[in-house]
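Commentary on secondary and tertiary structure
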Number of protein chains: 2
Amino acid sequence: MSSAPVKLKIYAEMLEKELERLMPKEECLQSEIFEACRYSLLEGGKRLRPFFCMTFFELCGGKAEDALSFAAGIEMIQSYSLIHDDLPCMDDSDYRRGKLSNHKVYGYSTAVLAGDALLNRAFEVFTSPMEGIKPLDQLAAANVMGTASGVYGMVGGQVIDLALENRQCTAEELEKMVSLKTGALIAGSCKSGCCLAGASLEKAEAAYNFGMAVGLAFQIRDDMLDLVGSSEQVGKPMGSDAENNKNTYASVYGLEKCEQLVKELTDKALESASVFGEEGKAVLSEIALWLINRTY
Amino acid sequence: MSSAPVKLKIYAEMLEKELERLMPKEECLQSEIFEACRYSLLEGGKRLRPFFCMTFFELCGGKAEDALSFAAGIEMIQSYSLIHDDLPCMDDSDYRRGKLSNHKVYGYSTAVLAGDALLNRAFEVFTSPMEGIKPLDQLAAANVMGTASGVYGMVGGQVIDLALENRQCTAEELEKMVSLKTGALIAGSCKSGCCLAGASLEKAEAAYNFGMAVGLAFQIRDDMLDLVGSSEQVGKPMGSDAENNKNTYASVYGLEKCEQLVKELTDKALESASVFGEEGKAVLSEIALWLINRTY
């Protein structure tokens, strides 16, 4: 397994500091909500979506630092969605990345509010004054994220996921669900970076398509690893989709067909990446291939 | 009891159509989320916050129609907050305005997601292209709403409210709670109308102060009516704060002191309104006095 691209680590470190700045500890009557938000937000992780936003911003001529706060807002959306996904009324997960889930630590009501708080804060950040960004570009980028995370995006995907639980779904339904639940936010993160830089519609669309292909391939790989993992280690990983009778690419298509789909999506992603020139294609291929071919 | 200002009704009708347009019925795999959002969003009501946004926009030289979609976004935030407030893990309310609450009709998970969807959609709307609005003004207005509804606003107030449950609170804690939980969104709605129109900081701040004073006075009147109602009609209204052992102005101060506070806040509101000239003061006094002195 190759190690993570160096740039991913550098940006993740920049982002950690920015998140700390944007969601600080606060001494006030509602200090608990800041704690609860920080518990889920500042737990490290790949910070993939912010990375894509900053990278596309750079590839469209921007200076990565200028997109840092926007990228931090994107991570807040990701964090809010995980907190709400884990709630007892949703996936009822006690753990998230080896830590107790938010509601197990802070209680049900605070976890709902922590999710709400992070989502609100994300858009507060998206609309805050930003150096080096034109207001019209900033509006367009924020709008892309609103679409990516709402009824036509991630929330819509979550609704479909819940609706499909405990019944066999069609390939079409599965693709729609994963496109919205996982693909939309990654694709939106890529596109928003282009919008922030005032790039052409062609580039913005290519970035979206790149992100969607990578997002789908990423999820299929996840499903495959999950299936192998849960058959290899009985009882682990806890709460995996494979064990929850959820529809996944691996359960609907089988491993062999999944491998083929991943290959097709990788080709699609790299084709979209070519709009960003030789340098762009090199950067984007590295991250895409690393993500898609990971073995853990 | 005087009837509602005519303008409030006219704007409410305009808004109803706009909300219908912005949250339509959709035939898709996730159609249920649109239904659930529409159930809570399109139930009529005073539409007070959008009214304030549009009215201040007009008073600062704008044409009310140009602020209509932004105002609709504000109502989505209000609607999201009510859905999440009613959840079993929060206030556990089975009814809202005489109708079953969202989670009683659509279930717990869909209600959480409907709230999330409305909040996302609000910011998607805030950042959509708007005729007659300068991008920088639109960003500023959207940012005001993000602050008003998040950790430093409504969500923060809800956290304090839950923390103060079942214990006596101080006057200071109560004011902080109500300022954030109820005042911030009304004040933000007023201020955002000014920002949208590119008004001066002086006007934007006066609008905020007006909204905060009206919001507090409105809540105190609510608490007073609630207390009288629950002692007059045993067992009704169901789920009122007065019966849930919640801290309210009426329970902390008593009715007489409440009446005095309402008077002081009314004076404060009218003083802030004077920044908007004779016409502005007339319009704002009418709505403020109607809201604050209502007897139902």
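Starting afresh in each chain, residues are numbered from 1 along the sequence in its written order. A letter from A marks each chain and a number from 1 marks each ligand, given out in the order of writing. Reporting in this predicted model follows two pLDDT cut-offs: at least 70 for local features of residues, and 80 or more for side-chain atom pairs to be given and counted; totals over whole chains, interfaces and linings ignore these cut-offs and use all residues.

1. Focus on the overall build of chain A
A run of H or I in DSSP becomes a helix once it reaches four residues, and a run of E becomes a strand once it reaches two; helices and strands are each numbered from the N terminus. Of regular secondary structure, chain A possesses 13 helices and two strands. Since a compact globule built from 296 residues should have a radius of gyration of about 19 Å, the 19 Å found for chain A is in line with a globular shape. When the backbone C-alpha atoms are referred to their principal axes, chain A occupies close to 55 × 50 × 35 Å. Residue burial in chain A is summarised as follows: out of 296 residues, 54% are buried. Computation of the radius of gyration draws on C-alpha atoms alone. For the globule rule, the value is 2.2 Å times the number of residues to the power 0.38. Partly exposed residues are those whose C-beta has more than 12 but fewer than 20 other C-beta atoms within 10 Å; with 20 or more the residue is buried, with 12 or fewer it is exposed, and the C-beta atoms are placed from the backbone.

2. Quick notes on the interface of chain B and chain A
Listed by partner, the interface residues are 42 residues for chain B and 42 residues for chain A. The element best represented in the side of chain B that touches chain A is helix 6 (residues 108–126) of chain B, accounting for 11 residues. Three classes are used: nonpolar for Ala, Val, Leu, Ile, Met, Phe, Trp, Tyr, Cys and Pro, charged for Asp, Glu, Lys and Arg, and polar for all others, with Gly counted as polar. Split by residue class, the side of chain B that touches chain A holds 22 nonpolar, 14 polar and six charged. Throughout, a residue-residue contact means that the two C-beta atoms, derived from backbone geometry, are no farther apart than 7 Å.

3. Points about the relation of the copies chain B and chain A
To line up the copies, we fit them by least squares on C-alpha atoms, keeping just the residues with pLDDT of at least 70 in both. Screw-axis analysis of chain B against chain A gives a translation of 0.0 Å along the axis, an RMSD of 0.0 Å, and a rotation angle of 180°. Such a turn and shift between the copies fits a two-fold axis. Taking C-alpha positions as the reference, the residue of chain B nearest the rotation axis is Pro-135 of chain B, at 2.8 Å. Of the residues that chain B buries at the interface, 100% are likewise interface residues in chain A, meaning the two copies contact each other through the same surface.

4. Overview of helix 1 (residues 6–22) of chain B
Residue and element names in this part refer to chain B. Between its first and last C-alpha, helix 1 extends 25 Å over 17 residues, near the 24 Å set by a 1.5 Å rise per residue. Inspection of helix 1 places Leu-8, Tyr-11, Leu-15, Glu-18 and Leu-19 among the buried residues, and these make up the whole buried set. The arc that holds every buried residue of helix 1, seen down its axis, measures 100°, which confines them to one face. Of the exposed residues in helix 1, the ones pointing more than 90 degrees away from its buried face are Val-6, Ile-10, Glu-13, Lys-17 and Arg-21. The length a helix should cover is 1.5 Å for every residue beyond the first. The directions considered for the arc run from the helix axis to the C-beta atoms.

5. A few points about the environment of Arg-21 of chain A
In this structure, Arg-21 of chain A sits in helix 1 (residues 6–22). In this structure the C-alpha to C-alpha distance between Arg-21 of chain A and Ser-69 of chain A, which are 48 residues apart in sequence, comes to 9.6 Å.

6. Re helix 7 (residues 135–149) of chain A
Spanning 15 residues, helix 7 of chain A covers 21 Å between terminal C-alpha atoms, matching the ideal 21 Å at 1.5 Å per step. Of all 15 residues making up helix 7 of chain A, 11 are buried, and the element is well covered by its neighbours. Residues Gln-138, Leu-139, Ala-140, Ala-141, Ala-142, Asn-143, Val-144, Met-145, Gly-146, Ala-148 and Ser-149 of chain A constitute the buried set of helix 7 of chain A. Looking at the buried side of helix 7 of chain A, the elements it contacts are helix 4 (68–86), helix 6 (108–126), helix 8 (154–164) and helix 9 (171–196) of chain A together with helix 6 and helix 7 (135–149) of chain B.

7. What about unusual backbone geometry?
Glycine aside, negative phi is the norm for most residues, and most peptide bonds take the trans geometry. All names here are of chain A. A positive phi angle, close to 50°, is found at Asp-92, a residue other than glycine. Structurally, the position occupied by Asp-92 is in the loop between helix 4 and strand 1 (95–96). For Asp-92, a count of 14 C-beta atoms within 10 Å corresponds to the partly exposed category.

8. Side note on the packing of helix 7 of chain A against helix 9 of chain A
All names here are of chain A. Lines fitted to C-alpha atoms define the axes, with helix axes restricted to the stretch in contact, and inter-axis angles between N-to-C directions lie between 0 and 180 degrees. Interaxial distance between helix 7 and helix 9 falls to 8 Å at its minimum, and their mutual angle equals 175°. Considering the angle they form, helix 7 stands roughly antiparallel to helix 9. Along its contact with helix 7, which presents Asp-137, Gln-138, Ala-140, Ala-141, Val-144, Met-145, Thr-147, Ala-148 and Ser-149, the element helix 9 presents Ala-184, Leu-185, Ala-187, Gly-188, Lys-191, Ser-192, Cys-195 and Leu-196. Its residues assigned to classes, the contact of helix 7 with helix 9 comprises 10 nonpolar, five polar and two charged. Note that the term roughly parallel is reserved for angles under 35 degrees, roughly antiparallel for angles over 145, roughly perpendicular for angles of 65 to 115, and oblique for everything else.

9. A word on the environment of His-103 of chain A
All names here are of chain A. For His-103, the position within the fold is in helix 5 (residues 102–106). The class for His-103 is buried, based on 26 C-beta atoms found within 10 Å. Non-local contacts of His-103, meaning those with residues more than four positions away in its chain, are made with Asp-86, Leu-87, Pro-88, Tyr-108 and Ala-111.

10. A short note on the environment of Lys-46 of chain B
With respect to the helices and strands, Lys-46 of chain B occurs in the loop between helix 2 (31–41) and helix 3 (48–59). The residues contacting Lys-46 of chain B, other than those within four sequence positions of it, are Leu-8 and Ala-12 of chain B.

11. As for the confidence of the model for chain A
All names here are of chain A. Summary of the metric used: pLDDT quantifies the predictor's per-residue confidence within the range 0 to 100. When pLDDT is averaged across chain A, the result is 93; 94% of the residues are at 70 or more. Scored below 50 in pLDDT, residues 234–239 makes six contacts in the model with residues more than four places away or belonging to other chains. Overall fold confidence (pTM) sits at 0.95, and the ipTM for the predicted complex is 0.95.

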